[in-house]
Amino acid sequence: MTIQNSENPTRFIPVPNWHKHHEWPPLGGLRSLIFNSRQNGFDKVIKRVGRRVLIDEAAFFAWVNEKNAVEGK
């Protein structure tokens, strides 16, 4: 599912389909990040639509870069 807007085109990927687009993290690791999303800041990455959980692909990679910058210091 791709959402286009003038600022930032992004794709929202359902959690069970993540592996079809990216090798990392594996599904178990992704579910762990979602479960602990309030503690690790991953709540910026997930979008909930009813019971469905979607991953904002652009926000995911921004989150990875942010974590890398903080932990790399």
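Our subject is the structure listed above.
In this text the structure is predicted, and so the values were computed from the model without any measurement.

As a further point, take the overall build of the protein. Scanning the protein from terminus to terminus reveals four helices and four strands. When the helices and strands of the protein are placed in sequence order, the string is β-β-α-α-α-β-β-α. Each of the 73 residues in the protein was classed as buried or not, and the buried ones make up 33%. Within the protein, residue pairs in contact and separated by at least 24 positions form 38% of the contacts whose partners lie at least 6 positions apart.

Glancing now at unusual backbone geometry. Cis rather than trans, the peptide bond between Trp24 and Pro25 has omega equal to -10 degrees. In this fold, Pro25 is placed in the loop between α1 (18-21) and α2 (27-35).

Summarising the element assignment, Thr10 is placed in strand β2 (residues 10-14). In this structure the side chain of Thr10 is engaged in a polar contact, spanning 2.7 Å, whose partner is the side chain of Asp56. A polar atom in the side chain of Thr10 sits 3.3 Å from the backbone nitrogen of Ala58.

Looking at where Asn40 falls in the secondary structure, it is placed in helix α3 (residues 37-40). In terms of polar contacts, Asn40 uses its side chain to reach the backbone carbonyl oxygen of Leu33, at 3.3 Å. Not counting chain neighbours up to four residues away, the residues in contact with Asn40 comprise Leu33, Trp63 and Lys67.

With that settled, the discussion passes to helix α4 (residues 57-71). The end-to-end C-alpha distance of α4 is 21 Å, a good match for the 21 Å that 15 residues give at a rise of 1.5 Å each. Each element contacted by the buried residues of α4 is listed here: β2, α1, α2, α3 and β4 (52-56). Capping the start of α4 is the job of one residue whose side-chain oxygen sits 3.2 Å from the backbone nitrogen of Ala58: Asp56.

Enumeration according to the criterion identifies two salt bridges in this entry. The salt bridge partner of Arg11 is Glu57, with a shortest N-O separation of 2.8 Å. Within this pair, whereas Arg11 is found in strand β2, its partner Glu57 is found in helix α4, the two being separated by 46 residues in sequence. For Glu66, the salt bridge is made with Lys44, and the minimal N-O distance between the two is 3.0 Å. Placement of the pair is Glu66 in helix α4 and Lys44 in the loop between α3 and β3 (46-49), with a sequence separation of 22 residues.

Reading guide: rules and limits
Residues numbered from 1 in each chain as written. Predicted model: local features only at pLDDT ≥ 70, side-chain atom pairs only at ≥ 80, totals over all residues. Heavy atoms only, no water. Helix = DSSP H or I, 4+ residues; strand = E, 2+ residues; numbered from the N terminus. Buried < 20%, exposed > 50% of the residue type's maximum accessible area, 1.4 Å probe, protein only. Contact = heavy atoms within 4.5 Å. Polar contact = N/O pair within 3.5 Å; in protein donor to acceptor, adjacent residues only side chain to side chain. Expected span 1.5 Å × (residues − 1). Salt bridge = Lys/Arg side-chain N within 4 Å of Asp/Glu carboxyl O.

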